[in-house]
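# Report on the structure
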Amino acid sequence: MELHVVTLHVNGRTHAVALAPNVTLLHALRDLGYTDVKSGCEKGDCGACAVLLNGTAVNSCLVLAYQADGAEIVTNAGLGTMEHPHPIQEAFADAGAAQCGYCTPGMVISAKALLDRTPHPTEDEIRNAISGNLCRCTGYGQIIEAVKIAADKLAEGQES
Ligand code: FES
Ligand code: FES
């Protein structure tokens, strides 16, 4: 299959990669080393592969890499690190919202997209925002709590 050069801007870094037209953004990102983007169902059902694409949360398994040519992509690792976690990541730790952690990067991305557009979400809005993210470990109580804590942390940060 003919390869095409695709330019991906990921977490502030630019990659030009030659890819077949049927390569998904999920596989392109993981092959570039962004293994915080998790591969689950690969058919849009689990949300483990969620990333921000120009600020919108998408399932990267449903996006072909060439469709993201030139776009700004942010993964969970682009939001924060172990040393400097994002308030949403801190909130997931504070609330005990991760057990195996497989769903967590996608959950954090969905939470980020929600809180960017709705800084003070209702519980229904939180449930709706993470409705495409499946977790088989925690139940959803701690995850919803984490998003509430994150909203408070972000609001405090803006006030200070
Ligand atoms: S791996 Fe993309 S939604 Fe499940
Ligand atoms: S923490 Fe294991 S799938 Fe969510």
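What you are looking at is a predicted structure, and each value in this text was computed from that prediction instead of being measured.

## A look at the pattern of salt bridges
Inspection of every chain in the model, using the stated rule, returns six salt bridges. Lys43 serves as the salt-bridge partner of Asp45, at 2.6 Å between the closest nitrogen and oxygen. According to the relative accessible area criterion, Asp45 is partly exposed, its value standing at 42%. Put simply, Lys153 and Asp94 hold a salt bridge, and the shortest N to O gap is 3.1 Å. Residue Lys153 is found in helix α6 (residues 141-159), and its partner Asp94 is found in helix α3 (residues 87-94); the two are separated by 59 residues along the sequence.

## Points about the domain arrangement of the chain
When cut into domains, the chain gives domain 1 (4-78) and domain 2 (80-159). Each of domain 1 and domain 2 has a C-alpha centre, and these two points are 21 Å apart. Counting residues at the interface gives 17 residues for domain 1, matched by 12 residues for domain 2. Roughly 1,100 Å² of surface becomes buried between domain 1 and domain 2 when both sides are summed, with 58% attributable to carbon and sulfur atoms. Area buried by domain 1 at its contact with domain 2 is led by Lys38, Leu52 and Asn76, which between them contribute 39% of it. Put simply, domain 1 and domain 2 have zero salt bridges between them. Taken together, domain 1 and domain 2 are joined by five residue pairs in polar contact (both at pLDDT 80 or more). Of the residues assigned to the side of domain 1 that touches domain 2, the class counts are eight nonpolar, six polar and three charged.

Cut-offs and rules
Residues numbered from 1 in each chain as written. Chains lettered and ligands numbered in written order. Predicted model: local features only at pLDDT ≥ 70, side-chain atom pairs only at ≥ 80, totals over all residues. Heavy atoms only, no water. Salt bridge = Lys/Arg side-chain N within 4 Å of Asp/Glu carboxyl O. Buried < 20%, exposed > 50% of the residue type's maximum accessible area, 1.4 Å probe, protein only. Helix = DSSP H or I, 4+ residues; strand = E, 2+ residues; numbered from the N terminus. Domains from an automatic or database assignment. Contact = heavy atoms within 4.5 Å. Buried area = accessible area lost by both parts, 1.4 Å probe. Polar contact = N/O pair within 3.5 Å; in protein donor to acceptor, adjacent residues only side chain to side chain. Nonpolar A, V, L, I, M, F, W, Y, C, P; charged D, E, K, R; others polar.

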